[in-house]
Amino acid sequence: MSHRTTRRAPSVSQDLWPAFRTAWGESAEGYDSLFGHGIHSEAEHSTWLLLLRRLLPAQEKPLRILDVGTGTGMIAILAAELGHTVTAADYSETMLEVASRKAEKFATDLDISFILSDAMLGEIEDGQFDVVICRHLLWALPYPEEVLRRWKEVCRPNGKIIVIDQLRPRVHPVRQGIRELADLLNPLIGSGDSHDGVFPKIPLHEQPLKRATSPLPIANAMRRAGLNRVQGERLPWIDLVERPAMPRLERWARRWNRYVVEGWV
Ligand SMILES: C[S@@+](CC[C@H](N)C(=O)[O-])C[C@H]1O[C@@H](n2cnc3c(N)ncnc32)[C@H](O)[C@@H]1O
């Protein structure tokens, strides 16, 4: 096992965070039905594959990839579909159950192992992975920079860290009103496209990346964590290919700006 220094305990609302974790588990079964979460068309599937092919370093043999906060395993399954050896980690057992069921259904020969682990990856030895990838998790964490440092440790020298996320800026009150109406109506009209309601409201200062208005805060956190050649890129074509799966009300209310930030160890 690796030796690690004791890390600063994040200053968080201790009572809210266990509820936050439970909420992920409770949203697991319906997660893939949400637009921008599960895959809803062949066009989405091939676009995500294309993006991963471009982001993953070129190498003759399969890459060893760690997908942190894998949820229902979307990125893990795509990476395994591309022939890589994937470890998919999440702190929600229910999410992992849904993910492994889905992977088995997709194909029996995917090289994926699922592990129950917090984003700090206490169970994982250092230097094991060529790539650590994470979609839609860093925004939710109270200590993103420390987590990035840890991800760097589990990568081999010259390994790569890839973070895909979407901007969740504060929106104009009218737009916010439409969004809340959409959240309210979606379950009634059967589209089930929001799960925001199940999450406890964590104070914003405890989720420092949640209201990022550009990829810059994640890029800066990566630089501070010691990563090199950090660069970010907006991914409007991902938003575009996902739009048909959005209910109309959501289309008016939301501007989801997907982006990726990558850095090297
Ligand atoms: C928004 S989902 C993203 C899932 C998946 N990466 C995707 O892109 O569809 C966030 C996932 O991170 C997990 N998660 C949240 N906080 C975590 C933490 N501190 N450690 C490990 N997993 C966490 C949740 O259980 C959930 O599965």
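Figured I'd write up the structure that's included with this text. Along each chain, residues carry numbers from 1 onward, in the same order as the chain's sequence is written. Only residues with pLDDT of at least 70 get local features here, since the model is predicted, and only at 80 or more are side-chain atom pairs given and counted; chain-wide, interface and lining totals rely on the full set of residues. Excluding hydrogens and water, the side-chain values take into account all heavy atoms of the structure.

Things to note about the overall build of the chain
Thought 1: The numbering of helices and of strands both runs from the N terminus, where a helix is a DSSP run of H or I of at least 4 residues and a strand a run of E of at least 2. Helix and strand counts for the chain stand at 9 helices and 7 strands.
Thought 2: Note on classification: 1.4 Å probe, protein chains only; a residue is buried when its accessible area is under 20% of the maximum for its type, exposed when over 50%, partly exposed between these limits. Out of the 265 residues in the chain, the part that is buried amounts to 50%.
Thought 3: Counting contacts in the chain only where the partners sit at least 6 residues apart, residues at least 24 apart contribute 79% of the total.
Thought 4: Residue-level accessible areas treat just the shown protein chains as cover; the underlying method is Shrake-Rupley with a 1.4 Å probe. Surface summary for the chain: the accessible area is close to 12800 Å², and the carbon and sulfur share equals 54%. The contact definition used throughout considers only heavy atoms, calling two residues in contact when any of these lie within 4.5 Å.

Some details on the site of the ligand
Thought 1: Consider each residue's heavy atoms; a residue with any of them within 4 Å of a molecule or strand counts as near. The local shell around the ligand holds 16 residues, among which Y31, G69, D90, A119 and R135 are the closest.
Thought 2: Two N or O atoms form a polar contact when they lie within 3.5 Å of each other; inside protein one atom must be a possible hydrogen donor and the other a possible acceptor, and for residues adjacent in sequence the pair counts only when both atoms belong to side chains. Here D118 contributes a side-chain N or O atom positioned 3.3 Å from a nitrogen atom of the ligand.
Thought 3: Within the side chain of R135, one N or O atom sits 2.4 Å away from an oxygen atom of the ligand.
Thought 4: Relative to its free-state accessible area of 590 Å², the ligand is covered by the protein chains to the extent of 97%.
Thought 5: Gly is placed with the polar residues, together with every amino acid not listed as nonpolar (Ala, Val, Leu, Ile, Met, Phe, Trp, Tyr, Cys and Pro) or charged (Asp, Glu, Lys and Arg). Across the shell around the ligand, the residue classes tally to 7 nonpolar, 6 polar and 3 charged.

Let's talk about the nonpolar core
Thought 1: Definition of nonpolar core: a set of buried residues of the types Ala, Val, Leu, Ile, Met, Phe, Trp, Tyr and Cys, connected through side-chain atoms within 4.5 Å. L66, L138, L148, W151, I161 and M222 are the most contacted members of the largest nonpolar core, which has 45 residues in total.
Thought 2: Elements represented by at least two residues in this core include exactly α1 (16-31), β1 (64-68), α4 (93-106), β4 (129-135), α5 (144-154), β5 (155-167), α7 (216-224) and β7 (257-264).
Thought 3: Here M222 is in contact with L148, I161, V163, L227, V230, V261, E262 and G263, once residues within four sequence places are set aside.
Thought 4: Core analysis: the second largest hydrophobic core is formed by 27 residues, M74, A76, I112 and I238 among them.

Quick word on the packing of α5 against α7
Thought 1: An axis is simply a line fitted to the C-alpha atoms; with a helix, the fit covers only the stretch in contact. Between two such axes, the angle follows the N-to-C directions and lies from 0 to 180 degrees. Running from amino to carboxyl end, α5 crosses α7 at an angle of 55°, the nearest separation of the two axes being 9 Å. With respect to α7, the axis of α5 lies oblique. Crossing angle aside, the handedness with which α5 passes α7 is right-handed. Each of E145, L148 and R149 in α5 lies in contact with α7, whose residues at this interface are A221, M222 and R224. Should an angle fall under 35 degrees it is called roughly parallel, over 145 degrees roughly antiparallel, and 65 to 115 degrees roughly perpendicular, with every other angle called oblique. The crossing is said to be left-handed when, going from far helix to near helix, the turn is anticlockwise and less than a right angle, and right-handed when the turn is clockwise.

Quick notes on unusual backbone geometry
Thought 1: Of note in this structure, L121 is not a glycine but carries a positive phi near 55°.
Thought 2: Along the chain, L121 turns up in the loop between β3 (112-116) and β4.
Thought 3: Take L121: its relative accessible area is 0%, and that puts it in the buried class.
Thought 4: Positive phi is not limited to glycine here, since R229 has a value of about 45°.
Thought 5: Secondary-structure assignment places R229 in strand β6 (residues 228-234).
Thought 6: Residue class for R229 comes out exposed when judged on its relative accessible area of 60%.

Quick look at the sheet that holds β5
Thought 1: Read across the sheet, 7 strands follow the order β3-β2-β1-β4-β5-β7-β6 without closing on themselves; strand pairing throughout is mixed. Across the chains shown, the open sheet's two edge strands, defined by having one partner strand only, are β3 and β6. Neighbour to neighbour, the strand axes of the sheet diverge by 15° on average, direction disregarded.
Thought 2: Paired strands, in this sense, are two strands between which DSSP finds at least two bridges. Both β5 and β7 contribute to a ladder of 8 bridges, which runs antiparallel. Looking at β7, one finds that D165 is bridged to Y259.
Thought 3: This element, helix α2 (residues 42-55), spans β4, β5, β6 and β7 of the sheet and lies at about 145° to β5.

Here's the deal with the side chain of D130
Thought 1: Inspection of the secondary structure assignment puts D130 in strand β4.
Thought 2: Here R64 takes part through its backbone nitrogen, which lies 2.7 Å from a polar atom of the side chain of D130.
Thought 3: Beyond its immediate stretch of four places on either side in the chain, D130 contacts Q59, P62, L63, R64, C155, R156, G159 and K160.

Things to note about the environment of R258
Thought 1: Considering the arrangement of structural elements, one finds R258 in strand β7.
Thought 2: On the accessibility criterion, R258 (1% relative accessible area) is buried.
Thought 3: As for R258 and D165, which are separated by 93 residues in sequence, their C-alpha atoms are 5.8 Å apart.
Thought 4: Apart from residues no more than four positions distant in its own chain, R258 is found in contact with G36, W48, R135, H136, I164, D165, Q166, R234, L235, I238, D239 and E242.

Limitation: the analysis is restricted to geometry and does not speak to function.
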